[in-house]
Amino acid sequence: MPSIFTSIPSPSIADLQLGPVTLRFYALFILLGIVLGLWLTANRLKARGVKASVAVDIAIWAVPFGIIGGRIYHVLTHWNDYFSVGADPSSALRIWEGGLAIYGAIAFGAVGAWIGCRSAGIRFLSFADALAPGLLLAQAVGRWGNYFNNELFGLPTTLPWGLEIEKINPAYPVGLPPGELFHPTFLYESLWCLLGVVVLLLVDRKYQLQWGRLFSLYLVFYSVGRVFIESIRIDPANIILGLRTNVWSAILGIVVGVAL
């Protein structure tokens with residue numbers, strides 16, 4: 001049987017109960033990621049002579065737009081989970097249970113950020129460049145919410161860092177015996193994003209990329225990793241021409257990044 005020394009155990013709890021208040025770890029990691037991403041962005045803006053508080057002013061627009069966009073994208077690409085026969089349509093609104101798609105969040109969040117930038121008198125592409133490393137940092141932290149939800153794991157593996165998943169998990173592949181280990185795709189993506197933070201900061205320090213070029217590098221870097229990670233995930237997803245929807249989104253992200 002796998003042990004803590006040869007595998008990654010999955011958490012047995014997904015929330016904390018504090019009196020009448022339930023704190024979901026998924027939501028806490030999303031919020032922590034947002035806070036850390038804002039902190040890094042604020043410091044980068046300050047180094048460019050912009051008040052650090054501007055990051056918060058823009059985030060007031062960008063974050064709600066991003067959360068709504070991320071949820072809309074997820075629901076649209078997992079339509080049967082919410083609106084098929086026997087499904088509970090109201091669960092489409094329960095964001096705290098998981099289900100925020102990063103590409104939907106980027107698209108809608110960009111609209112919110114554009115509105116915030118206009119209000120703050122900041123060039124949108126300049127803000128996007130300042131944001132790029134912080135966005136990767138937020139994603140790296142937020143992915144740990146999937147770990148506590150015991151979701152979005154990958155194919156079975158015999159690697160020593162395989163993720164333990166209980167047989168009673170609804171996402172456990174039918175036909176596999178209990179005790180199988182799975183690729184911890186949440187961890188792969190978190191580490192890839194952290195590497196991206198370092199890469200973007202070093203590139204920006206050396207080349208001082210402007211006019212959206214650093215954000216373009218973010219799109220390319222993240223999307224390249226996402227193509228691989230998405231390809232080994234086994235959670236249900238819409239398939240178009242043999243590829244998962246998010247693989248196509250990642251390919252589009254690479255194309256847009258290169259074009260910019």
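Structure: above.
Note that this is a predicted model, so its numbers are computed, not measured. (Residues numbered from 1 in each chain as written. Predicted model: local features only at pLDDT ≥ 70, side-chain atom pairs only at ≥ 80, totals over all residues. Heavy atoms only, no water.)

Visitor: Quick one: what's the story with the overall build of the chain, residue by residue and with numbers?
Guide: If you tally the helices and strands in the chain, you get nine helices and six strands. A globule of 260 residues ought to have a C-alpha radius of gyration of about 18 Å, and the chain, at 19 Å, matches this closely. Its C-alpha atoms give the chain principal-axis dimensions of about 60 × 40 × 40 Å. In the chain, buried positions account for 44% of the 260 residues. Taking the contacts inside the chain whose residues are at least 6 apart along the sequence as the reference set, 72% of them involve residues at least 24 apart. Counting every atom, the chain has about 13800 Å² of accessible surface; 71% of that belongs to carbon and sulfur. Each charge class in the chain was averaged separately, 17 positive and 14 negative side chains, and the resulting centres sit 14 Å apart. (Helix = DSSP H or I, 4+ residues; strand = E, 2+ residues; numbered from the N terminus. Rg over C-alpha atoms; globule rule 2.2 N^0.38 Å. Buried < 20%, exposed > 50% of the residue type's maximum accessible area, 1.4 Å probe, protein only. Contact = heavy atoms within 4.5 Å. Areas by Shrake-Rupley, 256 points an atom, 1.4 Å probe, with all protein chains shown as cover. Lys, Arg positive; Asp, Glu negative; His and termini not counted. Charge placed at Lys NZ, Arg CZ, Asp CG, Glu CD.)

Visitor: Quick one: what's the story with the pattern of salt bridges, residue by residue and with numbers?
Guide: Where charged atoms of side chains with opposite charge meet at close range, the side chains can pair. Applying the stated criterion across every chain yields a total of ten salt bridges. A salt bridge links Glu-230 to Arg-226; its shortest N-O distance comes to 2.9 Å. Placement of the pair is Glu-230 and Arg-226 together in helix H8 (residues 213-232), with a separation of four residues, close to one helical turn. Both residues of the pair, Glu-230 and Arg-226, count as buried. For Arg-244, the salt bridge identified is with Glu-230, shortest N-O distance 2.9 Å. Placement of Arg-244 in strand S6 (residues 243-244) and of Glu-230 in helix H8 is noted, with a sequence separation of 14 residues between them. In this pair, the class of Arg-244 matches that of Glu-230, namely buried. Salt bridges here are not isolated pairs; linked through shared partners, they connect Arg-143, Glu-189, Arg-226, Glu-230, Arg-233, Asp-235 and Arg-244. (Salt bridge = Lys/Arg side-chain N within 4 Å of Asp/Glu carboxyl O.)

Visitor: Outline the environment of Phe-148, listing residues and values.
Guide: Mapped onto the elements of the fold, Phe-148 is located in helix H6 (residues 144-148). A C-alpha to C-alpha distance of 29 Å links Phe-148 and Ala-55, two positions 93 residues apart in sequence. Leaving out residues up to four positions away in the same chain, Phe-148 has contacts with Pro-11, Ile-13, Ala-14, Phe-25 and Phe-29.

Visitor: Just give me the short version of helix H2 (residues 53-77), but keep the residues and values in it.
Guide: The first and last C-alpha atoms of H2 sit 36 Å apart over 25 residues, in line with the 36 Å expected at 1.5 Å per residue. Considering bend angle alone, the principal kink of H2 is centred on Ala-59 and spans about 40 degrees. (Expected span 1.5 Å × (residues − 1). Bend = angle between axes of the 7 residues up to and from the residue.)

Visitor: Describe the pairing of strand S2 (residues 21-24), and please don't skip the residues or the numbers.
Guide: The pairing of strand S1 (residues 15-18) with S2 spans four bridges and is classified as antiparallel. If you follow Asp-15 over to S2, its bridge partner there is Arg-24. (Pairing = 2+ DSSP bridges.)

Visitor: Give a description of helix H7 (residues 185-207) that names residues and reports values.
Guide: Under the 1.5 Å per step criterion, the end-to-end length of H7 is 32 Å for 23 residues, consistent within 8% with the ideal 33 Å. All of the buried residues along H7 are Thr-185, Phe-186, Leu-187, Tyr-188, Glu-189, Ser-190, Cys-193, Gly-196, Val-197, Leu-200 and Asp-204. Of the residues trailing H7, Gln-208 is marked for its positive phi of about 50 degrees.

Visitor: Can you lay out the side chain of Glu-189 for me, pointing to particular residues and giving the numbers?
Guide: For Glu-189, the location among the structural elements is in helix H7. With residues up to four places along the chain from it excluded, the contact list for Glu-189 reads Arg-143, Tyr-222, Arg-226 and Ile-229.

Visitor: Lay out the layout of surface pockets in plain terms, naming residues and giving numbers.
Guide: Taken as a whole, the second largest pocket holds about 270 Å³ of empty space. Along its surface, the second largest pocket is lined by Leu-45, Arg-48, Val-50, Ile-122, Ser-126, Asp-129, Asp-204, Gln-208, Leu-209, Gln-210 and Trp-211. Class assignment of the residues belonging to the lining of the second largest pocket gives a composition of five nonpolar, three polar and three charged. (1 Å grid on protein atoms, 1.4 Å probe; cavity = no way out; pocket = protein on both sides within 12 Å on 5 of 7 lines; lining within 4 Å. Points joined across faces, edges and corners; volume = space filled by probe spheres on them. Nonpolar A, V, L, I, M, F, W, Y, C, P; charged D, E, K, R; others polar.)

Visitor: Give me the environment of Val-256: which residues, what numbers.
Guide: By the secondary structure assignment, Val-256 is in helix H9 (residues 245-259). Of the residues examined, Val-256 reaches a relative accessible area of 36% and is grouped as partly exposed. Separated by 208 residues in the primary sequence, Val-256 and Arg-48 have C-alpha atoms spaced 26 Å apart.

Visitor: Lay out the packing of H7 against H8 with the relevant residues and their values.
Guide: Here H7 crosses H8 at 160 degrees, and the two axes come no closer than 10 Å. With respect to their mutual orientation, H7 and H8 come out roughly antiparallel. Here the hand of the crossing between H7 and H8 comes out right-handed. Contact residues: H7 offers Thr-185, Tyr-188, Glu-189, Trp-192, Cys-193, Leu-195, Gly-196, Val-199, Leu-200, Val-203 and Asp-204, while H8 offers Leu-214, Leu-217, Tyr-218, Phe-221, Tyr-222, Gly-225, Arg-226, Ile-229 and Ile-232. Classifying every residue of the contact of H7 with H8 by side-chain character gives 14 nonpolar, three polar and three charged. (Axes fitted to C-alpha atoms, helices over the stretch in contact; angles between N-to-C directions. Parallel < 35°, antiparallel > 145°, perpendicular 65-115°, else oblique. Left-handed = near helix turned anticlockwise from the far one by under 90°.)

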